[in-house]
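Structure at a glance
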Amino acid sequence: MQPADTDLQAISDVQPEEGMSAEPPKPAFQSASIKFIKEDKEVVAAQGANLRIKAIENQVDLYTLGGKLMNCGGYGQCGTCIIEVVEGMENLSPRTAFEERKLKKKPASYRLACQALVNGEVSVKTKP
Ligand code: FES
């Protein structure tokens, strides 16, 4: 049975209640971006993406030869995935305990890519 024209008219006349928006809800997905300066590559990522994984997915080489041969696979143990954050440090997750230990004698702008989660725009240099 087809709805009568008056039924359709009644549905289209429904107004949002006070306090409700007629706009559709915004999607939960928020993006972040990573600019790899040396490689001249900009990568868009979901908010909270792991910097090391995004680099690997986008063929950005994080490791020197020693790191290529022997790295911990992203567990914060080897310290070979060091990057320098040039811009957007505030858009990364705070340093982890692993980073505090591994980067004790390094500048404050250094991070371990495997421990850093991206929440906005950042620019980084690999193999500083
Ligand atoms: S991959 Fe080993 S510390 Fe990041």
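Before any of the text, the structure's been laid out above.
Note that the structure is a prediction, hence the values are computed from the model and not measured.

With that out of the way, let us pick up a positive patch on the surface. A contiguous patch of positive charge on the surface is contributed by R101, K102, K104 and K105. By the element assignment, K105 lies in the loop between α4 (97-102) and β5 (110-112).

A separate point is a nonpolar patch on the surface. The grouping of L65, L69 and M70 at the surface amounts to a nonpolar patch, some 410 Å² of accessible area in total. Assignment of secondary structure puts L69 in helix α3 (residues 65-69).

On to the pattern of salt bridges, then. Enumeration over the complete set of coordinates arrives at five salt bridges. Linking K54 and E57 is a salt bridge whose minimum nitrogen-to-oxygen distance equals 2.8 Å. Of the two residues, K54 and E57 are both situated in helix α2 (residues 51-57); the distance of three residues between them amounts to about one turn of the helix. A salt bridge links K68 to D61, with the shortest nitrogen-to-oxygen separation between them at 2.9 Å.

Positive phi is not limited to glycine here, since D40 has a value of about 50°. Relative to the assigned elements, D40 resides in the loop between β1 (31-36) and β2 (41-46). Residue class for D40 comes out exposed when judged on its relative accessible area of 62%. Not every positive phi belongs to a glycine, and K127 is a case in point at roughly 45°.

Turning our attention to the sheet that holds strand β7 (residues 121-126). Strand order in the open sheet formed by five strands is β2-β1-β7-β4-β5, and the pairing between neighbours is mixed. On the outer flanks of this sheet lie β2 and β5, each paired with one strand and no other. Taken over all neighbouring pairs, the strand axes of this sheet differ in orientation by 35° on average, direction set aside. For strand β4 (residues 82-87) and β7, the ladder comprises four bridges, and the chain directions are antiparallel. The partner of E87 across the bridge, within β7, is S123.

About the cut-offs
- Residues numbered from 1 in each chain as written.
- Predicted model: local features only at pLDDT ≥ 70, side-chain atom pairs only at ≥ 80, totals over all residues.
- Heavy atoms only, no water.
- Patch = residues over 30% accessible without salt bridge, like charges linked within 9 Å, V, L, I, M, F, W, Y side chains within 5 Å.
- Areas by Shrake-Rupley, 256 points an atom, 1.4 Å probe, with all protein chains shown as cover.
- Salt bridge = Lys/Arg side-chain N within 4 Å of Asp/Glu carboxyl O.
- Lys, Arg positive; Asp, Glu negative; His and termini not counted.
- Charge placed at Lys NZ, Arg CZ, Asp CG, Glu CD.
- Helix = DSSP H or I, 4+ residues; strand = E, 2+ residues; numbered from the N terminus.
- Buried < 20%, exposed > 50% of the residue type's maximum accessible area, 1.4 Å probe, protein only.
- Pairing = 2+ DSSP bridges.
- Axes fitted to C-alpha atoms, helices over the stretch in contact; angles between N-to-C directions.

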